[in-house]
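Here's the letter readout for the chains.
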Amino acid sequence: MIGHIVGTLTEKHAPQIVVETHGVGYEIDVSMQTFCALPATGAAVRLYTQLVIREDAHLLYGFAERGERAAFRQLLKVSGIGAKTALGVLSALSADELAQAVAQEDVKRLSSVPGIGKKTAERMVLELRGKLTAADNALLSADASSSQADIVATLLALGYNEREAQSAVKNLPPHSDVGEGVRLALKNLVKS
């Protein structure tokens, strides 16, 4: 998995950009929220990424903030929403606005997004209820330490849920390196 990419922004053609790093140009699809936050071409850029593998393509999606990537990942779990639709949702609504609309069960606001009908908006409310807030809280606590964020991400990749991962890292020393932190967190999970 590619967690983030740092390089030089060489092309900008909404919704796709190219970031060159170590001689390789990565084509990355971005939301309009991220696109508007990008610097001019030729400048250094860092994007949090999500690799989506389909039968016919490997697609890389980039986000200016971790919260936006977390919302994208949650949207992909909603039945009937693919990567392009999820990117469209995050182009129309910021991650915070999406979380607010879901929390308030604002089907009208969600269905105003191009490509989202009333039934899909209702499904989004049903399937995302409580999940976006949890992801935002995890990100706030993860931002306190980038290594802690990496430990949480590793635990999530190993199949633990958000609550278990956050609980396991809560008692870790604040600046544990990732390898040691994962080992200690796994010990905490086995004990509980």
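Residues numbered from 1 in each chain as written. Predicted model: local features only at pLDDT ≥ 70, side-chain atom pairs only at ≥ 80, totals over all residues. Heavy atoms only, no water.

Attention shifts here to the overall build of the protein chain. If you tally the helices and strands in the protein chain, you get ten helices and five strands. Relative to its length of 192 residues, the protein chain is compact, with a C-alpha radius of gyration of 17 Å against a globular reference of 16 Å. Among the 192 residues that make up the protein chain, the fraction classed as buried is 40%. A separation of at least 24 residues holds for 50% of the contacts in the protein chain among residues at least 6 apart in sequence. Taken as a whole, the protein chain presents about 10,400 Å² of accessible surface, with 52% of it coming from carbon and sulfur. A distance of 6 Å separates the average location of the 20 positive side-chain charges in the protein chain from that of its 21 negative side-chain charges. (Helix = DSSP H or I, 4+ residues; strand = E, 2+ residues; numbered from the N terminus. Rg over C-alpha atoms; globule rule 2.2 N^0.38 Å. Buried < 20%, exposed > 50% of the residue type's maximum accessible area, 1.4 Å probe, protein only. Contact = heavy atoms within 4.5 Å. Areas by Shrake-Rupley, 256 points an atom, 1.4 Å probe, with all protein chains shown as cover. Lys, Arg positive; Asp, Glu negative; His and termini not counted. Charge placed at Lys NZ, Arg CZ, Asp CG, Glu CD.)

The tally for this structure, following the rule as stated, stands at five salt bridges. A salt bridge links Asp29 to Lys84; the nearest nitrogen and oxygen atoms lie 3.0 Å apart. With Asp29 in strand β3 (residues 24–30) and Lys84 in helix α3 (residues 83–92), this residue pair connects regions lying 55 residues apart in the sequence. By relative accessible area, which is 7% here, Asp29 ends up buried. (Salt bridge = Lys/Arg side-chain N within 4 Å of Asp/Glu carboxyl O.)

Here we come to the UniProt feature "domain: Helix-hairpin-helix DNA-binding motif class" (unreviewed entry) in the protein chain. According to UniProt, the feature "domain: Helix-hairpin-helix DNA-binding motif class" (unreviewed entry) maps to residues 73–92 and 108–127 in the numbering used here. In this annotation, residues 73–92 is assigned 70% helix and 0% strand; the end-to-end C-alpha distance for the span is 16 Å. A helix fraction of 70% and a strand fraction of 0% characterise residues 108–127, whose end C-alpha atoms lie 16 Å from each other. (UniProt positions renumbered as here; feature names shortened; annotations may be inferred.)

Within the element layout of this structure, Met32 appears in helix α1 (residues 32–37). As a C-alpha pair, Met32 and Val169 span 137 residues in sequence and 34 Å in three-dimensional space.

Applying the stated criterion across every chain, the model contains two aromatic pairs. Measuring from ring centre to ring centre gives 5.2 Å for Tyr61 and Phe72, while their planes differ by 40 degrees; the resulting arrangement is tilted. With Tyr61 in strand β5 (residues 58–63) and Phe72 in helix α2 (residues 66–76), this residue pair connects regions lying eleven residues apart in the sequence. Comparing Tyr61 with Phe72 shows no difference in burial state: the two are buried. Ring centres of Phe63 and Phe72 lie 4.9 Å apart, and the angle between their planes is 45 degrees; this geometry places the pair in the tilted category. Aromatic ring contacts, followed pair by pair, group Tyr61, Phe63 and Phe72 into a single cluster. (Phe/Tyr/Trp six-rings, centres within 6.5 Å; stacked < 30°, edge-to-face > 60°.)

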